[in-house]
Amino acid sequence: MGGTFDPIHHGHLVAASEVAQSFDLDEVIFVPTGMPPHKRVVTEAEHRYLMTVIATAANPRFTVSRVDIDRHETTYTIDTLRDLKKARPDADFVFITGADAVAQIFTWKNVQELWDLAHFVAVSRPGHVVSLSDLPEGDVSWLEVPALAISSTDCRSRVERGFPVWYLVPDGVVQYISKHHLYRSTS
Ligand code: ATP
Ligand code: MG
């Protein structure tokens, strides 16, 4: 599961857990992006990586990969999948993405090769209606997951305004954000 994870929240974790269950996955690898191609400036990669480690540490099936943040260049999913495949040549990969992100797959680099490297699973996300005809032609499945109307954008905005993010993100992530003064305009 790729993401900016700025910060990681319970929407990500529920989506990962539900796909793991439904598709009988041995492991979910969370891959924090390096520099996303279409995004605002994001928080330092090490902070996003460590928050992802903290959030996933207790689940024996959840791991975190540094492939994207160690590449030190714009992150394209094709490179993520190539690197993961190199490290695990025998694994069958499932790429987990939210309903808002799946339409963008059309615009991704080397889209044809993507289908060869992974099976894509799009999960439902509150506020994003996806009709099946919107899904790109190819290897994409659709999975309805329990609705959590949480976004990292909202979490950042809440911290900036002094609102709590308890129960939206894991406890350790709340404490990490506070310890490192993340998302405060004055930091
Ligand atoms: P931002 O608001 O900064 O874009 P985000 O909450 O969308 O953050 P990302 O790191 O962009 O989080 O998302 C990583 C992946 O997780 C994407 O595929 C996204 O669609 C999916 N995702 C994020 N939040 C949810 C959620 N609440 N339910 C289901 N999927 C989600
Ligand atoms: Mg997003």
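Note that the coordinates shown come from a computational prediction; the quantities given were computed from them, not determined experimentally. (Residues numbered from 1 in each chain as written. Chains lettered and ligands numbered in written order. Predicted model: local features only at pLDDT ≥ 70, side-chain atom pairs only at ≥ 80, totals over all residues.)

Student: Sorry, what's going on with the packing of helix H2 (residues 45-56) against helix H8 (residues 171-179) here?
Tutor: Each pair of packed helices gets described by two things: the angle between the helix axes and the distance between those axes. In contact at an axis separation of 8 Å, H2 and H8 are set at 155° when each is read in the N-to-C sense. When the axis of H2 is compared with that of H8, the two are roughly antiparallel. For the crossing formed where H2 meets H8, the hand is right-handed. Here Leu50, Met51, Ile54 and Ala55 of H2 lie close against H8, whose contacting residues are Gly172, Val173 and Tyr176. (Axes fitted to C-alpha atoms, helices over the stretch in contact; angles between N-to-C directions. Helix = DSSP H or I, 4+ residues; strand = E, 2+ residues; numbered from the N terminus. Parallel < 35°, antiparallel > 145°, perpendicular 65-115°, else oblique. Left-handed = near helix turned anticlockwise from the far one by under 90°. Contact = placed C-beta atoms within 7 Å.)

Student: Help me understand the site of ligand 1 in this model?
Tutor: Surveying the vicinity of ligand 1 reveals 18 residues, the closest of which are Gly3, Gly11, Gly98, Ser152 and Thr153. Here the element with the most residues in the shell around ligand 1 is helix H1 (residues 10-22); it accounts for 3 residues. Residue composition of the shell around ligand 1, grouped by class: 6 nonpolar, 9 polar and 3 charged. (Near = placed C-beta within 6 Å. Nonpolar A, V, L, I, M, F, W, Y, C, P; charged D, E, K, R; others polar.)

Student: What exactly am I supposed to notice about the sheet that holds strand S4 (residues 93-98) here?
Tutor: Through backbone hydrogen bonds, the strands of a sheet pair up, either in parallel or in antiparallel fashion. Taken together, the 3 strands give an open sheet; going across it, the order is S4-S5-S6, and neighbouring strands pair in parallel fashion. At either margin of the open sheet sits one strand with a lone partner, and together these are S4 and strand S6 (140-143). Between one strand axis and the next, the sheet turns through 25° on average, direction left out of account. Where strand S5 (residues 118-123) and S6 come together, 4 bridges link them in parallel fashion. (Pairing = 2+ DSSP bridges.)

Student: Hey, could you run me through unusual backbone geometry in this one?
Tutor: For residues that are not glycine, phi is negative in most cases, and the peptide bond is trans in most cases. Cis geometry is found at the peptide bond from aspartate 6 to proline 7, where omega equals 0°. Here proline 7 is to be found in the loop between strand S1 (2-3) and H1. Phi angles above zero are rare outside glycine, and histidine 72 is one such case at about 55°. Assignment of secondary structure puts histidine 72 in the loop between helix H3 (67-71) and helix H4 (77-87). Looking at histidine 72, the number of C-beta atoms within 10 Å reads 9, which means it is exposed. One non-glycine residue, histidine 181, lies in positive phi territory at about 55°. Structurally, histidine 181 can be placed in the segment after H8. (Buried ≥ 20, exposed ≤ 12 C-beta atoms within 10 Å, placed from the backbone.)

Student: Would you explain the sheet that holds S1 in this entry?
Tutor: Pairing is parallel across the open sheet formed by 3 strands, whose spatial order is S1-S2-S3. What marks the edges here is a single partner per strand, and that holds for S1 and strand S3 (62-64). Sheet topology note: the S1/strand S2 (residues 28-32) ladder contains 2 bridges and is parallel. Paired with glycine 2 across the two strands is valine 31, which belongs to S2.

Student: Would you mind showing me how to read the nonpolar core here?
Tutor: Looking at soluble globular proteins, one finds that nonpolar side chains tend to be buried together. Grouped together as the largest cluster of nonpolar side chains are 41 residues, with contacts concentrated most on Ala16, Phe30, Ile96 and Val123. A per-element tally of this core places S5 first, with 5 residues. Setting aside anything within four residues of it in sequence, one finds phenylalanine 30 in contact with Met1, Phe5, Thr52, Thr56, Phe62 and Val64. (Core = buried A, V, L, I, M, F, W, Y, C linked by C-beta atoms within 7 Å.)

Student: Which parts of the structure should I look at to understand the confidence of the model for the protein?
Tutor: Caution applies to low-pLDDT parts of the model: their predicted coordinates are not meant to be read in detail. Per-residue confidence for the protein gives a mean pLDDT of 92, with 94% of residues at or over 70. Interface predicted TM-score (ipTM) for the complex: 0.99; the corresponding pTM is 0.95. (pLDDT = per-residue confidence, 0-100.)

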